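One-letter residues, chain by chain:
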Amino acid sequence: MLLEVKSLNKTYHTGIVEFTALKNINLSVEKGEFTAFAGPSGSGKTTLLNCIGCLDRGESGSILLDGVDLMTKKTVELAHVRKENFGFIFQTYNLFPVLTIAENVEMPLKLLQKESQEEINEKVMKMLSKVGLSGYENRRPLELSGGQQQRVAVARALIKKPKLILADEPTANLDSKTGESVVELMKELNVNEGVTFLFSTHDSMVMKRASKLYEIHDGQIKASRKK
Amino acid sequence: MKYILQLALKNILRSKRRTILTFMMLTFGVTVYMIMSSLYAGIDEVSFDNLVQFETGHVKMRHVNFDEDRPFSTDNLMTQKKEIYEKIKKHNFVKGVTDRINLLAEMDNGIDSMPVVIVGYDQSTDKDVFELAKFISKGKMEKDGAIIGVDLAKDMGLDIGDIANLTFRDVNGMYTALDIPVTALLYSGDPMANKMKIFMNIEIVQKNMDTDAFSEIAVKTDNMYNANKYAEILQKEISEADVKSWKTLSYEFANVVSTKKKAGNFILFVILIIAMVGIINTILISIYEKRREIGTLKAMGMLDKEVRNLFVAEGFIIGFTGSLFGLVFGTIANLYFIYHGLDFTSMMDQMGNMGASMVGVMKSVWVIKDYFVITFLATAASIFASYYPAKKVMDMQPVDCLRTVQ
Ligand SMILES: Nc1ncnc2c1ncn2[C@@H]1O[C@H](COP(=O)(O)OP(=O)(O)O)[C@@H](O)[C@H]1O
Ligand SMILES: [Mg+2]
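Residues numbered from 1 in each chain as written. Chains lettered and ligands numbered in written order. Predicted model: local features only at pLDDT ≥ 70, side-chain atom pairs only at ≥ 80, totals over all residues. Heavy atoms only, no water.

J.: Would you mind showing me how to read the overall build of chain B here?
T.: Secondary structure assignment for chain B yields 15 helices and 12 strands. Computed over its C-alpha atoms, the radius of gyration of chain B comes to 31 Å, more than 25% above the 22 Å expected for a compact globule of 406 residues. Here the C-alpha coordinates of chain B stretch approximately 100 × 50 × 35 Å along the principal axes. Counting over 406 residues, chain B shows a buried share of 53%. For chain B, the share of sequence-separated contacts (at least 6 apart) that also reach a separation of at least 24 residues comes to 78%. Entry remark: accessible area of chain B is about 19400 Å², with carbon and sulfur atoms responsible for 61%. A gap of 15 Å separates the mean positions of the 45 positive and 47 negative side-chain charges of chain B. (Helix = DSSP H or I, 4+ residues; strand = E, 2+ residues; numbered from the N terminus. Rg over C-alpha atoms; globule rule 2.2 N^0.38 Å. Buried < 20%, exposed > 50% of the residue type's maximum accessible area, 1.4 Å probe, protein only. Contact = heavy atoms within 4.5 Å. Areas by Shrake-Rupley, 256 points an atom, 1.4 Å probe, with all protein chains shown as cover. Lys, Arg positive; Asp, Glu negative; His and termini not counted. Charge placed at Lys NZ, Arg CZ, Asp CG, Glu CD.)

This is the structure in structure tokens:
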């Protein structure tokens, strides 16, 4: 089992107001799966993904990655966990506007400091061709369409071959056709390269593509289904 | 760390608007700082030069019981000229010696009368110590003529060729009248002198005073900056007089100089603050704008301390190069002020007198120290300015950075 979440709870404290965003979440993801969290806005999808991705801390329960509990780790350790295991795709792409497409894509490898610039360049070119953006390496993000930018984000998330890619509503800012093509790309990479995806959506078209689906309502998993 | 520096550099080079804005602020601050600082240094130097050349010499000797409250009293007159001169002149560092007599008189033009200070100077030796000629704005020094302060001349309606009528008491307390032709006008940086002083041959004064006494002996040495030491040496041997260096004496004129200096320092301080607030502001804005980017960096596993270093590096690069730019501009501007100078004569006429011992064209001087001080201050200020906001970002949870609304 790649990822296991056990009785995860998360409460937001804003001033004196408390809001329980996640209640007793249990789920698991196996290597090579294409898992989706579905649910209406405000149901807790983002909160759940953030907790799994170590961007936020759960309150109680455990999150096991390859059997190692992430909930007990220190902040610095969590940064290393993210660096080595996770790739992120955001709803708003979150590319760096001052950097070129190639510089954006290479960043995770640069942070890992494991390869030479030549090896990195080669990987970046390959990756860009996989997402259909060969020839765009010296452009800036803002010169690209939303769909293209999200493809760059997919390339960036994938470049270091992470164990798990976390994508929070990756298509929500795109029109349905472009959104579909981005999910198509993700699915392709999942099938051909065995990349494990975990993403959230409230788009039924996107849900259909998932190999495993968790339906979330009011911070609780109401149903799960596997193809 | 190399990658962090590369990222910082790209951020700076590619966010042109922000970088240019910060640069402009820094460059402006540094340039103005340099100009002001060099100008003040120039004013200081000239003020002291003028003081020395016009009023004090390098070392000045007065009566042992010189009464500061009644500086023109005949009780302050000294007599042992020969003995003192001998003791002075045996020193190698002495390059010139002269004596002057000062006394209070009344000037009368038939309508008004005004109190004036008569300065009797030795026409053969005065130039060995002082540079009176430098302060003559019109006319010539002549054996039997008087040099009169420009403002005094104006007030009394006198010009070159006119006769000045003076009355004063001699050493015996008898009233004496002296009529002397005006042959030159004096324009010194000292407003008091311009308003009150009239210079003439010491022999004329002494004859009319019925004495051969004098008020002070002034000495020029081989190096004005050793004056304190020389004054000490001379004082040890000369018990007949009170020996003071121009530095000590300048405190008598120092109120003027030091207020000017305080104002100058204050302006410099304000400039620094403005530049620093500018830097803090742009870095704060940049960090605010970049919250989401920072969140993304953290999500990708960049360590908190690396994120902080990224911003501190930006601040450092901007501060360091910005101050270098400023130094270049400041140097160029200073070339003008140092070699061409500012003409204060016309400015002072318009502003009235500034009270400083300044005259004519004012030239800035290089302040080498500034190059180091500015580079250090600007860089330190930029690092300081970016550290606090960067630290704040560093302590934020990744999710809090990412949540920022667009
Ligand atoms: N920082 C926060 N502080 C307080 N409440 C929050 C915070 N973030 C999210 N919430 C609340 O938690 C619930 C789940 O939010 P979220 O995980 O963003 O849902 P989804 O992504 O499914 O739209 C919402 O009701 C939201 O208002
Ligand atoms: Mg959400």
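J.: What is the right way to read helix α5 (residues 146-158) of chain A from this model?
T.: Within an α-helix, residues lying three or four positions from one another point in the same direction, as the helix has 3.6 residues per turn. When the terminal C-alpha atoms of α5(A) are compared, their 18 Å separation across 13 residues agrees well with the 18 Å that a helix rising 1.5 Å per residue should span. Those residues of α5(A) that sit buried are A:G147, A:Q149, A:Q150, A:R151, A:V152, A:A153, A:V154, A:A155, A:R156, A:A157 and A:L158. (Expected span 1.5 Å × (residues − 1).)

J.: How should the site of ligand 1 be read in this particular structure?
T.: Around ligand 1, 13 residues are found, and the nearest of them are A:G42, A:K45, A:T46, A:T47 and B:R403. Contact distances for ligand 1 include 2.6 Å between an oxygen atom and a backbone N or O atom of A:G42. A:G44 is positioned such that a nitrogen or oxygen atom in its backbone is 3.0 Å from an oxygen atom of ligand 1. Bound to the protein, ligand 1 loses 72% of the 550 Å² it would expose on its own. Secondary structure elements with two or more residues in the shell around ligand 1: β1 (3-14), β2 (17-29) and α1 (45-52) of chain A. Considering every element that reaches the shell around ligand 1, the biggest residue donor is α1(A), with 3 residues. (Near = heavy atom within 4 Å. Polar contact = N/O pair within 3.5 Å; in protein donor to acceptor, adjacent residues only side chain to side chain.)

J.: Help me out: how do you make sense of the pairing of β1(A) in this one?
T.: Across a regular strand the side chains alternate sides, sitting on one face of the sheet and then on the other. All names here are of chain A. In terms of strand pairing, β1 meets β2 through 9 bridges, oriented antiparallel. When the sheet's bridge partners are listed, H13 is paired in β2 with E18. Connecting β1 to the next strand, β2, in antiparallel fashion are 2 residues, including G15 with a positive phi near 65°. (Pairing = 2+ DSSP bridges.)

J.: How should empty space enclosed by the protein be read in this particular structure?
T.: To find leftover empty space, one rolls a probe the size of a water molecule over the atoms. All names here are of chain B. Within the structure shown, the criterion is met by 5 cavities of 30 Å³ or more. Computed from the structure, the largest cavity encloses a volume of approximately 110 Å³. Taken together, the elements giving at least two residues each to the lining of the largest cavity come down to α2 (16-56), α10 (254-289) and α14 (368-394). Broken down by element, the residue count for the lining of the largest cavity peaks at 5 residues, all from α10. When grouped by side-chain class, the residues that make up the lining of the largest cavity number 12 nonpolar, 1 polar and no charged. (1 Å grid on protein atoms, 1.4 Å probe; cavity = no way out; pocket = protein on both sides within 12 Å on 5 of 7 lines; lining within 4 Å. Points joined across faces, edges and corners; volume = space filled by probe spheres on them. Nonpolar A, V, L, I, M, F, W, Y, C, P; charged D, E, K, R; others polar.)

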